[in-house]
Amino acid sequence: MNLSLNRKSSLFIVSALLIVVIMFVNLQQGIQITADQIQNIKTIFISIILEALPFVILGVFISSVIQIFVSETTIQRFTPKNPLLGILFACLLGIFFPLCECGMIPVVRRLIHKGMPVFIAVVFIVVGPVLNPVVYASTHLAFQVYPAMAYARMGLSFLVAMVLGLVLYRFVKSSPLLTPHFQLSDQQITHDHEHGHTHLHNHDHDHDHNHDHGQSNKLMAMLKHAADEFFEMGKYLIIGSLLTAIIQTFISRGSLVTIGHHTILSNLFMMAFAFILSLCSTSDAFVAASFSTMFTKTSLLTFLVFGPMIDLKVTLMLLSIFKKRFVLILILLVAMLVFIGSMLIHYIGFLA
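Residues numbered from 1 in each chain as written. Predicted model: local features only at pLDDT ≥ 70, side-chain atom pairs only at ≥ 80, totals over all residues. Heavy atoms only, no water.

**With respect to the nonpolar core**
Moving on, step 1. Phe 143, Phe 303, Leu 318 and Phe 322 are the most contacted members of the largest nonpolar core, which has 90 residues in total.
Moving on, step 2. If we ignore the near neighbours within four places in the chain, the residues touching Phe 143 are Met 149, Ala 285, Ala 288, Ala 289, Leu 300 and Leu 304. (Core = buried A, V, L, I, M, F, W, Y, C linked by side-chain atoms within 4.5 Å. Buried < 20%, exposed > 50% of the residue type's maximum accessible area, 1.4 Å probe, protein only. Contact = heavy atoms within 4.5 Å.)

**Digging into the packing of helix α15 (residues 312-319) against helix α16 (residues 324-348)**
Moving on, step 1. At their nearest, the axes of α15 and α16 sit 9 Å apart, and the two run at 150° to each other. Handedness of the α15/α16 crossing: right-handed. Side by side, α15 and α16 meet where Thr 315, Leu 318 and Leu 319 of the first sit next to Lys 324, Val 327, Leu 330 and Ile 331 of the second.
Moving on, step 2. The residue inventory of the contact of α15 with α16, partitioned by class, reads five nonpolar, one polar and one charged. (Axes fitted to C-alpha atoms, helices over the stretch in contact; angles between N-to-C directions. Helix = DSSP H or I, 4+ residues; strand = E, 2+ residues; numbered from the N terminus. Left-handed = near helix turned anticlockwise from the far one by under 90°. Nonpolar A, V, L, I, M, F, W, Y, C, P; charged D, E, K, R; others polar.)

**Remarks on the pattern of salt bridges**
Moving on, step 1. Taken as a whole, this structure holds one salt bridge when the rule is applied.
Moving on, step 2. Between Asp 284 and Arg 153 there is a salt bridge whose closest N-O contact spans 2.9 Å. Of the two residues, Asp 284 sits in helix α13 (residues 284-289) while Arg 153 sits in helix α8 (residues 148-171), which places them 131 residues apart along the sequence. Both residues of the pair, Asp 284 and Arg 153, belong to the buried class. (Salt bridge = Lys/Arg side-chain N within 4 Å of Asp/Glu carboxyl O.)

Here it is in structure tokens:
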């Protein structure tokens, strides 16, 4: 509950500050807010929401099905023991289990406590929200004019995750977990589940009834999880879309173009922008596409790769599992790898 409140309050404060700064700059310049500007905000905001909503719903539904009907032990059983194969497995896992970060981090936490190596789990956390068919489809649709963007997003995410996994495997020797207290909670949850399962089978005459009741409970749990996750992700999409609309309306196009066409500044700006917006990976492509006329393609790529890997809400979730130093190092590593990768793509001209 505290984590949720902190995450919501932090996002609200950051968003409010951005809006206040934008409004202050425009008032200082003597620019009045006109009816046309308000209408422009509405138009941009609604268009982004309508384009992204189907992919958010699809992503939530798939995430909920896997969350309820696929056990963590099943995933753990298929995890390779070889480090390189383990990293590759984590990179490809998102294709088959397209979880968003909101539903993924609690699952991965339990997997770590059940024996999954930390470096594999972290790679899955980082790359899972990007390397999946739903995100590929939304990116391809949002960038129909530049289909190479979808390929570049998948490719760069894969390379960043592979290098990150190798670095973590090589240098992280001690456990980066925050406290062992979560292990007790998970063990208690597992014990309660097993106890309830045993209790269910001790009443043979009610077995069929309980089995049907259990299936009904799973279906209800899936629908509840989908609803909760939809509203959880939906508020970030709404805030992100609103900020995008306000930025495009009140910040002078000339200022954005100046930043957007600078090779290095545009990449850094879009990485910071992605961190603050904290958009879901199934919908962020539509926000990025709305800046396609003002920013370089590689800067849009950094937005699409860095944002789902490390943003405000992911950082707060990671801090609930890992030590602060480990989270800070992880953020810096991902930022450095994404930036270097995007610069390489810029110089080879893949998105030209």
